[in-house]
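So the chains spell out like this:
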Amino acid sequence: MRDDLTRKLEGASSGASPTLDDLFRRTAMRRPGAVALIDPPNKQRVSGELPMQLTYMEADSAISAIASQFIDAGLPPGSIVALQLPNTIEFPIAALAAIRAGMVVALLPQLWRQAELTTALTRIGARAIIGVGRIELVDHGDLMMAAAAEVFSIRHVFGFGKNLPEGMTQLEIATGVASDTRAHAILDPRQPAIVSFDVTADGLCAVPRDHVQMIAGGLTILLESGMSPEANILSTVASSSFGGFASSLVTWLLSGHALALHHAGDLDVLEKQIAGPNIDVLVAPALIALRLAEMGAFSERSRLTHVIALWRTPENASSSDSWPHAKLSFTDVLLFGEIGLIAACRQADGSLASITSGVQSAPRAVAGSRAVGEIAVTPRGTLALRGVMVPLAAYRTSPSNQMFAEQSLQVDTGYAARLNRAAHAVDITAPPGGIVGVGGYRFRSKDLDEWSKRLGDDAMLTALPDKLNGHRLAGRASDTRRVREALSELGLNPLMVEAFRNRADSA
């Protein structure tokens, strides 16, 4: 099986690659009765729906049914279908359905509100948007309809759940219908499959990737981690970015076993899921994984063998605590916006493995491993990436993206880095200038300044350093309530709204 994965990586480089739908359908044919997808146990609190568990046969049926619904709605192949969904089985089912119908999936972060949604949907010319009635306390059905009303290209708004607003077409996970062959479009692995969004010095940037690039990202993580190809995966990471999609959905498609989902926000529920009898691999933000270790969440009675830890602030990885569980493999995945990722399994003593310059292989500790990318430090002291997963075209047109060398096909990430020439090790020291990262969300510093000015002379919005998230937003105003209401009415990200919370009340 490991040799099969290596051949897929070689194929991703040469062009002889399967599509994401091919990976799913091969497993569905081989293991139709095996469990494919498992909902979070607290799904009813998240979206109001009861948790489900689907076999590959049932998931295949649901994917084809929804793909047929997209086709019957008149969406032509190549249409961009945007998703804003919680971390429940609706997400992988809807994404694979759109791909099966020959469409491109645009990933919308869950915290985006009307202003950001409208900008992003307009930028990519989306033809449809898929949401859910509610996510926790937020009415996402009305949010989807309001955003769609402002985007000329949107022709359909689909939604999962009950009590959807008028004009929103209901989607259901239908498992008892025969697979519709009309839904199986002829897919080209070199055509766009996924669009994610990055924030650069020039503003919002749409980043399309084809099937080959997505599979290369997932294979890099899977091979470097050393996880069994037959592993059952528990993911706490939303698939609304390249890193999230590659580490969760793509590794699941490659492994061909079960994907259990956790909607972030409840560590007690997560601990119970980790302790379950059938979980082999945990995918989680790195600092959450390290915190769980401190809490004693990784019991020796658990079946867990691997932790895949995502760093959205890769500059903080080198100062992280050592991993205390020698028998539990820990792989750091350094994410550089939407440009690419670096995966490195921890050393035997639990410390971060050295990131070396030059060609990267997976697994890096095994001689003769296949190349998965290349790292370089640019003359201006920043990190550049090259490889199958790197979407060169998306960043080449950006005026402020300093290409390391046009002929080298590398993209400058903007992250400050220095090279230890003796050891050929690369130290990542700071995030891109002018960009504020709050968890998985990025803002331009000048955009925060602009919004602050629009709120009045007595209002201030700034970004402060934060060990957990990179930055945190903090706001000050004479009338906090008025400012919060104004930001909400403007349809801005709740991270901005919460920056103006009442400190006295929260204390």
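What you see is a predicted model; the values in this text were computed from it and never measured. (Residues numbered from 1 in each chain as written. Predicted model: local features only at pLDDT ≥ 70, side-chain atom pairs only at ≥ 80, totals over all residues. Heavy atoms only, no water.)

Notes on the packing of helix α8 (residues 211-225) against helix α9 (residues 242-255)
Line of reasoning, step 1. At a closest axis distance of 8 Å, the pairing of α8 and α9 adopts a crossing angle of 80°. By the angle between their directions, the pair α8 and α9 is classed as roughly perpendicular. Between α8, through Gln 213, Met 214, Ile 215, Gly 217, Gly 218, Leu 219, Ile 221 and Leu 222, and α9, the contact on the second element is made entirely by Phe 242, Phe 245, Ala 246, Ser 247, Val 250, Thr 251, Leu 254 and Ser 255. (Axes fitted to C-alpha atoms, helices over the stretch in contact; angles between N-to-C directions. Helix = DSSP H or I, 4+ residues; strand = E, 2+ residues; numbered from the N terminus. Parallel < 35°, antiparallel > 145°, perpendicular 65-115°, else oblique. Contact = heavy atoms within 4.5 Å.)

Notes on the side chain of His 140
Line of reasoning, step 1. Structurally, His 140 is set in helix α7 (residues 140-149).
Line of reasoning, step 2. Classification of His 140 as buried rests on a relative accessible area of 1%.
Line of reasoning, step 3. In this structure the side chain of His 140 is engaged in a polar contact, spanning 3.2 Å, whose partner is the side chain of Gln 84.
Line of reasoning, step 4. Beyond its immediate sequence surroundings of up to four residues, His 140 is in contact with Gln 84, Gln 110, Arg 113, Val 132, Gly 133, Arg 134 and Ile 135. (Buried < 20%, exposed > 50% of the residue type's maximum accessible area, 1.4 Å probe, protein only. Polar contact = N/O pair within 3.5 Å; in protein donor to acceptor, adjacent residues only side chain to side chain.)

Some points on helix α10 (residues 267-274)
Line of reasoning, step 1. Every buried residue belonging to α10 is among Val 269, Leu 270, Gln 273 and Ile 274, and all of these are buried. Projected onto a plane normal to the axis of α10, the buried residues spread over an arc of 140° and lie on a single side. The exposed residues of α10 that point more than 90 degrees off its buried face are Asp 268 and Lys 272.
Line of reasoning, step 2. Contacts from the buried residues of α10 go to β10 (233-235), β11 (259-261), β12 (281-285) and α11 (286-294). (Arc of directions from axis to C-beta.)

Topic: the nonpolar core
Line of reasoning, step 1. Phe 70, Ile 130, Phe 245, Trp 252 and Phe 298 are the most contacted members of the largest nonpolar core, which totals 119 residues.
Line of reasoning, step 2. With residues up to four places along the chain from it excluded, the contact list for Ile 130 reads Phe 70, Val 81, Ala 82, Leu 83, Gln 84, Leu 85, Ala 94, Met 144, Phe 158, Phe 160 and Leu 171.
Line of reasoning, step 3. Of all hydrophobic cores here, the second largest spans 41 residues; its members include Ile 154, Trp 451, Ala 459 and Val 497. (Core = buried A, V, L, I, M, F, W, Y, C linked by side-chain atoms within 4.5 Å.)

Observations concerning unusual backbone geometry
Line of reasoning, step 1. The omega torsion of the bond from Ala 362 to Pro 363 falls at -5°, within 30 degrees of zero and hence cis.
Line of reasoning, step 2. Looking at the element boundaries, Pro 363 is found in the loop between β16 (358-362) and β17 (370-377).
Line of reasoning, step 3. In this structure, Asn 163 takes a positive phi of about 55° despite not being glycine.
Line of reasoning, step 4. Along the chain, Asn 163 turns up in the loop between β6 (156-160) and β7 (169-171).
Line of reasoning, step 5. Among the residues examined, Asn 163 registers a relative accessible area of 78% and is labelled exposed.

Re the packing of helix α6 (residues 114-124) against α7
Each packed pair of helices is defined by two parameters, the angle between the axes and the distance between the axes.
Line of reasoning, step 1. At a closest axis distance of 9 Å, the pairing of α6 and α7 adopts a crossing angle of 45°. The orientation of α6 relative to α7 falls into the category oblique. α6 and α7 meet at a crossing whose hand is right-handed. Contact with α6, carried on its side by Gln 114, Leu 117, Thr 118 and Leu 121, involves Leu 143, Met 144, Ala 146 and Ala 147 of α7 and no other residues of that element. (Left-handed = near helix turned anticlockwise from the far one by under 90°.)

Some details on the pairing of strand β5 (residues 128-132)
Line of reasoning, step 1. Of all 5 residues that make up β5, 5 are buried, and the element is covered over most of its length.
Line of reasoning, step 2. The side-chain alternation of β5 yields two buried faces, one formed by Ala 128, Ile 130 and Val 132 and the other by Ile 129 and Gly 131.
Line of reasoning, step 3. Sheet analysis places strand β3 (residues 80-83) next to β5, joined by 3 bridges and oriented parallel. Following the sheet pairing, Ala 82 is matched in β5 by Ile 129.
Line of reasoning, step 4. One ladder, built from 5 bridges, connects β5 with β6; its direction is parallel. What sits directly across from Gly 131, in β6, is Gly 159.
Line of reasoning, step 5. The parallel pair β5 and β6 is bridged by α7, and the resulting crossover is right-handed. (Pairing = 2+ DSSP bridges. Right-handed = clockwise from strand over helix to strand, strands pointing away.)

Here's the deal with the sheet that holds strand β18 (residues 382-386)
Line of reasoning, step 1. Spatially, 5 strands are ordered β16-β17-β18-β19-β20 in an open sheet, and the strand pairing comes out antiparallel. In the strand order of this sheet, the two ends are held by β16 and β20 (425-430), each with one partner. Shown here is a sheet whose adjacent strand axes are inclined to one another by a mean of 45°, direction ignored.
Line of reasoning, step 2. Relative to β17, β16 runs antiparallel, the two being bridged by 5 bridges. Bridging across to β17, Gly 358 finds its partner in Ile 375.

Focus: the packing of aromatic side chains
Line of reasoning, step 1. Applying the stated rule across the entire model yields 8 aromatic pairs.
Line of reasoning, step 2. Where Phe 24 meets Trp 252, the ring centres are 6.1 Å apart and the plane angle is 55°; that geometry is what we call tilted. With a gap of 228 residues between them, Phe 24 in helix α2 (residues 20-30) and Trp 252 in helix α9 connect regions that are remote in the sequence. Take Phe 24 and Trp 252: they sit in the same class, and that class is buried.
Line of reasoning, step 3. Aromatic side chains Trp 323 and Phe 330 sit 4.4 Å apart centroid to centroid with 35° between the ring planes, which places their arrangement in the tilted category. (Phe/Tyr/Trp six-rings, centres within 6.5 Å; stacked < 30°, edge-to-face > 60°.)

Brief notes about the pairing of strand β1 (residues 35-38)
Line of reasoning, step 1. Two strands pair when backbone bridges link them, and β1 and strand β2 (residues 53-55) are joined in this way by 3 bridges, in the antiparallel orientation. By the bridge assignment for β2, Val 35 is matched with Thr 55.
Line of reasoning, step 2. Both β1 and β11 contribute to a ladder of 2 bridges, which runs parallel. Considered in β11, the bridge of Ile 38 is made with Ala 260.

A look at the pattern of salt bridges
Line of reasoning, step 1. All told, the structure shown has 15 salt bridges when counted by the stated rule.
Line of reasoning, step 2. In this structure, Lys 43 and Glu 90 form a salt bridge, with 2.8 Å as the shortest nitrogen-oxygen distance. Placement of the pair is Lys 43 in helix α3 (residues 43-47) and Glu 90 in helix α5 (residues 90-100), with a sequence separation of 47 residues. In this structure, Lys 43 and Glu 90 share a single accessibility class: buried.
Line of reasoning, step 3. A salt bridge links Asp 280 to Arg 303; the shortest N-O distance between them is 2.6 Å. Taken as a pair, Asp 280 in the loop between α10 and β12 and Arg 303 in the loop between α11 and β13 (306-311) lie far apart in primary sequence, 23 residues in all. (Salt bridge = Lys/Arg side-chain N within 4 Å of Asp/Glu carboxyl O.)

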